[in-house]
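Letter by letter, the chains look like this.
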Amino acid sequence: MNRAYLDKLFTVVLAGVLAGLALAAAALPAALVFGLGVKNLMPYTALPEALKTPQPAQRSNLYANDGRTLITSFYVEDRVDVPVGEVAPVMRDAIVAAEDVRFYEHHGVDVRGVARAFTANRREGTRQGASTLTMQYVRNALAGDPRLTEEQRAAATEITVGRKIREMRYALTLERQIGKDEILGRYLNIAYFGAGAYGIAAASKRYFSTTPDRLTLAKAALLAGLVRSPADDPINGDAGAARQRRAYVLDRMVETGRVTAADAEAAKATELALKPNATPNDCAAVPADHNDWGFFCDWFTQWWNAQPAFGENVDERQRTLRRGGWKIVSSLDPDVQAKASEQVREIYPETIARAAPTAVVQPGTGRVLAMAVNRTYGTTANPDGQQNYPNTVNQLVAGGGGITGYQAGSTFKLFALLAALESGLPLDTEFDAPRVYVTQYPVGAGPASCGGRWCPANANTYWMDGDRDMWDAFGRSVNTYFAWLTERVGADRVVEMAQRLGIVFRAPADAEMAREGAESWGPFTLGVSATTPLDLAGAYAAVAAEGTWCRPTPVTSITDPAGRRVAAGNTDCRQVLDTEVARAAADASRCPVGDQSMYRRCDGGTAEELAPGLRRPVAGKTGSSERNATETVVAFTPQLSVATIAANPDDPRDAVGGGVQKRQIAAVGRILAWSLRDEPVRDFVPPGQAVAFQHTSPRTGN
């Protein structure tokens, strides 16, 4: 008897038994059954996309940069697909025995089961179903397809005759197109096993901390029994009921000849041997001993939510993350992260309100290797008035979500330096820097106002005043030199340079000033705008990479469940500076940290102790905001860029004081030394004679 004949036979029998398939408490009136007509009962010839190319919701996993260390997972349903060949044969036998003993005999709809259910429902008033394993798969696949709307998914499980007929048609068509083992594999990957575990891989891990290929008879029978009654899961529910379900499955396996009676009895006597293993979900579930990973994870979700490739809005992008089954290899280096967290707590312990958010960025890729701060990642309540201490999930390192950042002081002089070099001025541009310099820029009343004009002063008259060039002025952080330099090139060009190198104006007042008043924003050069350690590390990394700025990214690669890499995981880099301009800026940046420029022009720096301890070429800058309210240190090599800012995120009036900068310098040096301990020593490429000593036309080369 061939399949075509059986399908025709089914349509005839179906008209007489359809009422039993509605799963209603009572059978449908015969008139309704026969009124549907044979034409309407014929199988579909086309399958919906949910069945042709199934995409059941799967969890997405976020790994460290080694691709193995799990940071956390994101899911609505804890599921990850496995090929049916990687499921133990005993598990396949158990699920067939539990759910559909005639699975390998019917063609998607079991006519005998239909007739039996119809008779039982008419005679006993029960709600006995006749769903085959294939029909169950159809229902689950339609109900769980993330491409469908909520209404469409709900329609897949509604208790109606129409739904049941569609289910049967799809089942018949599906079995014409794919094999039994493929259907069984799909079913095992989509079934719910209780305790939050969807699919056999998640269930094996959730209950026994193992994989599907290592399931024993007793374990397989237990899991198979839970599909019909997931509320009986032995972790959260009734262990006794779970044992009964296991015994039922074992008896059915004996009846079908899949196991011997002796083996079944032995399995019944076996202890449940549970070894629960819950899959973490979201950033709050990072491993307890790596709580500091939470801040990186949080920033990753911000990054994901901003990617148009994953949806038109944040809600769609989150659904894509939590249902898409992505493997995300992040840029987080656990080794560098551990050292950064250790050193941040050398700057400030967790027991005080001041913070030292720190970022580590790789030049040339923008990959963020570490994000550390002396806080606990979590939502535990804080003392009154302390929104971010000692617990917080706010993004103190990268900004966003209400965190606008902190003033970074003289580290912003880099942008004036770059704008001047780009305009054609050389590194040896000299200016006799006075103690106070009155500029053309209007300001309100304050200590840096001279008749309504901005007039910054040098912090150390003896050490800073006098004839300076860019090397010397940058090394000693001469305020009046850079105020004069800003006037020469234009404050708007300094602001534009900062934006070009990734400085984001998160504070509304800063954004408005950059948009409407950049030409008169002279004080910008001295770092009065709020920024973050991540933005700052990224900006200096562009200089380290000879003018290539890369958008900071938390990922190394993103692959879909089929193993295909998606473009959203690629780096986003562009040449934003002429190479010679970047090399010249790097050369001047060696002066502040105790290194020597290629032209031996460094003569003093604000962090001279950094280079001798590192014993490799290094550059950077320090910064202090007014009254030492915040202190900043940035340092970079050709391979790494580190930025840390000391501040009180909850009280800007709490000036951290200049003393903390020594600890910051030491911490940044140790982070660099540890992170680069196995890396070759690389030197900066020296700038050419022209950019060092000659006035030229604007240098916009590449």
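Worth saying up front: this structure is predicted, and the values here are computed from it rather than measured. (Residues numbered from 1 in each chain as written. Predicted model: local features only at pLDDT ≥ 70, side-chain atom pairs only at ≥ 80, totals over all residues. Heavy atoms only, no water.)

Novice: I'd like a rundown of the overall build of the protein, residues and numbers included.
Specialist: Counting its secondary structure elements, the protein contains 27 helices and 19 strands. Taking 702 residues into account, the globule formula puts the C-alpha radius of gyration at 27 Å, and the protein, at 34 Å, lies well above it. Dimensions of the protein along its principal axes, counting C-alpha atoms only, are 105 × 50 × 50 Å. Looking at the protein residue by residue over its 702 residues, the buried ones come to 57%. Within the protein, counting contacts between residues at least 6 apart in sequence, those at least 24 apart form 72% of the total. Of the roughly 27,900 Å² of accessible surface on the protein, a fraction of 50% belongs to carbon and sulfur atoms. The positive charge centre, built from 75 side chains, and the negative charge centre, built from 77, are 7 Å apart in the protein. (Helix = DSSP H or I, 4+ residues; strand = E, 2+ residues; numbered from the N terminus. Rg over C-alpha atoms; globule rule 2.2 N^0.38 Å. Buried < 20%, exposed > 50% of the residue type's maximum accessible area, 1.4 Å probe, protein only. Contact = heavy atoms within 4.5 Å. Areas by Shrake-Rupley, 256 points an atom, 1.4 Å probe, with all protein chains shown as cover. Lys, Arg positive; Asp, Glu negative; His and termini not counted. Charge placed at Lys NZ, Arg CZ, Asp CG, Glu CD.)

Novice: Please give an account of empty space enclosed by the protein that cites residues and values.
Specialist: Taken as a whole, this structure holds 1 cavity of 30 Å³ or more when the rule is applied. For the largest cavity, the full set of lining residues is Val361, Gln362, Pro363, Gly364, Gly366, Gly538, Ala541, Ala542, Thr548, Trp549 and Cys550. Residue assignment for the lining of the largest cavity shows that the elements contributing at least two residues are helix H23 (533-544) and strand E14 (548-550). Counted by class, the lining of the largest cavity contains 6 nonpolar, 5 polar and no charged residues. (1 Å grid on protein atoms, 1.4 Å probe; cavity = no way out; pocket = protein on both sides within 12 Å on 5 of 7 lines; lining within 4 Å. Points joined across faces, edges and corners; volume = space filled by probe spheres on them. Nonpolar A, V, L, I, M, F, W, Y, C, P; charged D, E, K, R; others polar.)

Novice: Describe the sheet that holds strand E5 (residues 368-372), listing the residues and the values that go with them.
Specialist: In sheet architecture, strand pairing relies on hydrogen bonds along the backbone and comes in two forms, parallel and antiparallel. Read across the sheet, 5 strands follow the order E5-E4-E19-E18-E17 without closing on themselves; strand pairing throughout is antiparallel. Looking at which strands have only one partner, the edges of the open sheet turn out to be E5 and strand E17 (619-624). Across the sheet, the mean angle from the axis of one strand to that of its neighbour is 5 degrees, orientation sign disregarded. Of the pairings in the sheet, the one linking strand E4 (residues 358-361) to strand E19 (residues 641-646) comprises 4 bridges and is antiparallel in character. (Pairing = 2+ DSSP bridges. Axes fitted to C-alpha atoms, helices over the stretch in contact; angles between N-to-C directions.)

Novice: Tell me about the packing of helix H4 (residues 89-99) against helix H12 (residues 239-255), residues and numbers included.
Specialist: With their axes 9 Å apart at the nearest point, H4 and H12 run at an angle of 95 degrees to one another. Regarding the angle of H4 to H12, the classification is roughly perpendicular. Where H4 approaches H12, its residues Val90, Asp93, Ala94, Ala97 and Ala98 are matched on the opposing element by Tyr248, Val249, Arg252 and Met253. For the contact of H4 with H12, the per-class residue count stands at 7 nonpolar, no polar and 2 charged. (Parallel < 35°, antiparallel > 145°, perpendicular 65-115°, else oblique.)

Novice: Got a sec to walk through the sheet that holds strand E2 (residues 70-74)? Specific residues and values, please.
Specialist: Taken together, 4 strands build an open sheet; the order of strands is E2-E1-E3-E15 and the sheet is mixed. In the strand order of this sheet, the two ends are held by E2 and strand E15 (555-559), each with one partner. Strand-to-strand twist of the sheet, defined as the mean angle between neighbouring strand axes without regard to direction, takes the value 15 degrees. Alignment of strand E1 (residues 60-63) against E2, held across 4 bridges, turns out to be antiparallel. Within E2, the position partnered with Leu62 by the bridge is Thr72.

Novice: Outline the pairing of E5, listing residues and values.
Specialist: When you tally the buried positions in E5, you get 5 out of 5 residues, the bulk of the element. In the sheet, E4 pairs with E5 via 4 bridges, with the strands oriented antiparallel. Counterpart to Ala359 in the pairing with E5 is Met371. The antiparallel pairing of E4 with E5 creates a hairpin that spans 6 residues between the two strands, and Gly364 there sits at a positive phi of about 90 degrees.

Novice: Summarise the environment of Phe310; cite the residues concerned and give the values.
Specialist: With respect to the element layout, Phe310 can be found in the loop between helix H14 (293-305) and helix H15 (314-323). A sequence separation of 47 residues divides Phe310 from Asp263, and the C-alpha atoms of the two residues are 50 Å apart. Setting aside anything within four residues of it in sequence, one finds Phe310 in contact with Trp304, Glu316, Arg317, Thr320, Trp326, Ile558 and Ala568.

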